[in-house]
Amino acid sequence: MRLRTVLATTTAGLAAATCLTAAGPATAVSTTGTANSLTAKACSPSVSIDRFSDALDKTTYDGTFVGNFSALAVDKDGSIAALEDRSSLFDLNAKTLQPKRVVPLADENGAALDSEGLAIDRDGTRLITSETEPSIRRYSADGKILDRLPVPSSLLVAPAGRAVSNQTFEGLTLLPGGHTLLASMEYPIAGDTSGAVRFQTWTRTKGDHFKLAAQYAYKPDATFLGVPEVQALPDGRLLVLERGFTSGVGNTVRLYLADPRHATNTSGIDTLTGQPGVHLIKKTLLADIADCPTLGATAKQPQPNPLLDNIEGMVITGREKGRYKVLLVSDDNQNTVQTTRFYYLRVRVTPAF
């Protein structure tokens, strides 16, 4: 979502939803990997931060501003694909983060996208969301449109549907096996007074097309928090980012482990207004990024922790010693008081049962 300064107070309450039930509650710093270093860099018992990098902040590459990053993905060659919300897709060196290529994106009429979500399919093509319609299109590596996925009418932006422009498809991920695609809405659609957001899925069909499938509901902690990103783990559970902004205070960014198993399929439920028997996606807090050590970071505007910024993109880059390596990136909105910052996390999750 471009210019995500969703103003709220720190006492913003949860929307009424008591009947909905959830099953359960610029200098890089290196790490040695020892127990003591992990403890020193712990954000929580489940998450630690190795380092951060501001190396790309307010830079340009091949005449294109480097920033406005909304999503990350690991490409087939191991490089990092970094999507910006102003219609450009960068290829970054996985070790140095330096850009290697930039590809412009557009819709069928050549117009710019508000590109937010990114998944790289098994054939190397890119599935990319635009949140103004919203839409999901398949692009070739050189930016040619190859396909467009169907979207439920209720998730379209009003007046065609019940969604608000710039508050739609933010997160995008392929579930294990590559047969199911999942997109997360950033904020609730009109009528969903419970405060829950919809997670829509598609299943793969012949010719690598996708058809609409089940839909689930996920509830952020507070009304001013949205869902900017979601990434699938190998066991089918999800890492979910919740993010918000309070003027004069700064950003709130929390990382959750979410389990869609046993959640209600809400595709046939018109409004989520507190109906009994609707089970939300179960979630467990892994870390509040404000609790991470600062690592010497500085902020250009008030923040609960100077390490924080408008974190919006996330990708799992590997696994080491029982912990997932997770890369986050902030969207600087090309704003002088925000920073393009990459965060290197290690995340431990309990086994799925």
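Being a predicted model, the structure only gives us computed values, none of them experimental.

Visitor: How would you explain the pairing of strand S18 (residues 238–246) if you had to name every residue and give the values?
Guide: Along any regular strand, the residues point their side chains to alternate faces of the sheet. Burial analysis of S18 places nine of its nine residues in the buried class, which makes it a mostly covered element. Pairing analysis gives five bridges linking strand S17 (residues 226–232) to S18, with the strands arranged antiparallel. Within the sheet, the bridge partner assigned to Val-230 lies in S18 and is Val-240. Hairpin connection, S17 to S18: the antiparallel pair is bridged by five residues, and Gly-236 has positive phi, about 95°. Note: S18 against strand S19 (residues 250–259), nine bridges, orientation antiparallel.

Visitor: Provide a residue-level description of the environment of Pro-150, including the pertinent values.
Guide: Among the secondary structure elements, Pro-150 is positioned in the loop between strand S12 (145–148) and strand S13 (169–174). Owing to a relative accessible area of 34%, Pro-150 belongs among the partly exposed residues under this scheme.

Visitor: Got a sec to walk through the nonpolar core? Specific residues and values, please.
Guide: In terms of nonpolar packing, the biggest core is built from 28 residues, with Leu-239 and Val-326 touching the most fellow members. Of all elements in the fold, only strand S2 (47–53), S18, S19, strand S21 (282–288), strand S22 (311–320), strand S23 (323–330) and strand S24 (342–347) reach the threshold of two or more residues within this core. For Val-326, the contacting residues outside a window of four places in its chain are Leu-239, Met-314, Val-315, Ile-316, Thr-317, Tyr-343, Tyr-344, Leu-345 and Val-347.

So, how was this worked out
Residues numbered from 1 in each chain as written. Predicted model: local features only at pLDDT ≥ 70, side-chain atom pairs only at ≥ 80, totals over all residues. Heavy atoms only, no water. Buried < 20%, exposed > 50% of the residue type's maximum accessible area, 1.4 Å probe, protein only. Helix = DSSP H or I, 4+ residues; strand = E, 2+ residues; numbered from the N terminus. Pairing = 2+ DSSP bridges. Core = buried A, V, L, I, M, F, W, Y, C linked by side-chain atoms within 4.5 Å. Contact = heavy atoms within 4.5 Å.

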